[in-house]
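Report on the structure
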Amino acid sequence: PAPRPTANQGAAWAHAGEAAGRRRGASFSGSGPAYTEFCPMAAAGRAAAFHLPPLPTVGEIIKLFRLRAQKELSQNFLLDLRLTDKIVRQAGKLQNAHVCEVGPGPGGITRSILNAGVEQLLLVEKDTRFIPGLQMLSEAAPGKVRIVHGDILTYKMEKAFPKHLKKNWEDEPPNIHIIGNLPFSVSTPLIIKWLANVSRKDGPFVYGRTQMTLTFQKEVAERLTANTGGKQRSRLSVMSQHLCTVENRFIIPGQAFVPKPDVDVAVVHFTPLVQPKIQQPFELVEKVVQSVFQFRRKYCCRGVEILFPESERLKKTEQLMMAADVDPTLRPFQLTMSHFRNLCNTYRKMCDEDPSLFAYNYREELRQKKRKHSPESQPEETEEENQL
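Residues numbered from 1 in each chain as written. Predicted model: local features only at pLDDT ≥ 70, side-chain atom pairs only at ≥ 80, totals over all residues. Heavy atoms only, no water.

- The protein is annotated in an unreviewed UniProt entry as rRNA adenine N(6)-methyltransferase of Penelope pileata.
- The record in UniProt for the protein states the following under Subcellular location (unreviewed entry): "Mitochondrion".
- Listed under Sequence similarities (unreviewed entry) in UniProt, the entry text for the protein is "Belongs to the class I-like SAM-binding methyltransferase superfamily. rRNA adenine N(6)-methyltransferase family. KsgA subfamily." (UniProt positions renumbered as here; feature names shortened; annotations may be inferred.)

Below you can see the structure in the form of structure tokens.
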């Protein structure tokens, strides 16, 4: 382990980090919000094996810059470098890899990534309070780190990495990785966004089948990896598994974080599949799967019904279930990936025959009825629907 600095050394490093941030900051605007990018000068030469020089510990960085996890942003710091090393190992061999770390915060996982021997590390951090501490790491690893102050949900990743790293989709994954200890508040919408990118082969997946190693609440991780028939089988299970190989690698107990969350955390690894298990547009698959799981305690036909306007609901539902060869008395969590594939393929044919069908929205029809003062109960919502 690196020796701890004196208080004077820590203060000097903190001052140097802030000064470097001011010195090398450059603003630019994209189609989304403005971002600030900090690019260190390239190193004159590189040693064969890279190791970070002695630096303040992550805990000391938090004290130096008076950092405090914000509950409204669902921030939790991971200070144990043995655990951050273990998270990074789940990504695979990172020697000479290009990595994007999402929400590095005080930089615990960042240090483990740099010590893994990466070629370049892109840090995307929304919270300005963490930038000076990250800039210190950038100074300690000259030529390796690029810091972007921005929101990962809107940051355009199509040009985040060099073009020469691109691989064909059918080839092995490129030497590009996304790693992140995600705040709970953004983890689900972010993975849904990236799954949509996988389906379209855009965003970070213009480079090929980019792998992701991310943290989620244990319960969300169980949904992502749940098998058919499992009690956690959900919309999230089908949407992720039809596009990726999804593996729950290990559990981190809540007490390892500061402040301690009320739940444990799981590290999940994603590798996009060469061929999706359901070869239909992401929006169509999502609509069918979401409808089916809208009533997870009832027969699956109840969810399928809301794909169709009330005037032709029973007839169209029976037609879809028969053509897809799905038992209407199965519960949503009992449906296999083949069942969902058949439902999506048949629904696509029905939409091709009636182009207005895909635009139909069950909730909007309910709202219209409510405006006309017609008594109609609202559909029950699953816990996952509320979260999403």
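Regarding the overall build of the protein
- In terms of regular secondary structure, the protein is built from 14 helices and eleven strands.
- Counting over 388 residues, the protein shows a buried share of 51%.
- Of the contacts made within the protein by residues no fewer than 6 positions apart, 70% connect residues no fewer than 24 positions apart.
- A total accessible area of about 18,600 Å² is found for the protein, and carbon and sulfur atoms account for 50% of it. (Helix = DSSP H or I, 4+ residues; strand = E, 2+ residues; numbered from the N terminus. Buried < 20%, exposed > 50% of the residue type's maximum accessible area, 1.4 Å probe, protein only. Contact = heavy atoms within 4.5 Å. Areas by Shrake-Rupley, 256 points an atom, 1.4 Å probe, with all protein chains shown as cover.)

Side note on the packing of helix α11 (residues 313-324) against helix α12 (residues 337-353)
- Interaxial distance between α11 and α12 falls to 9 Å at its minimum, and their mutual angle equals 130°. By the angle between their axes, α11 is oblique relative to α12. The two elements α11 and α12 meet at a crossing, and its hand is right-handed. Together, K316, Q319, L320, M321, A323 and A324 of α11 and N342, L343, T346, Y347 and M350 of α12 make up the contact between the two elements.
- Looking at the contact of α11 with α12, its residues break down into seven nonpolar, three polar and one charged. (Axes fitted to C-alpha atoms, helices over the stretch in contact; angles between N-to-C directions. Parallel < 35°, antiparallel > 145°, perpendicular 65-115°, else oblique. Left-handed = near helix turned anticlockwise from the far one by under 90°. Nonpolar A, V, L, I, M, F, W, Y, C, P; charged D, E, K, R; others polar.)

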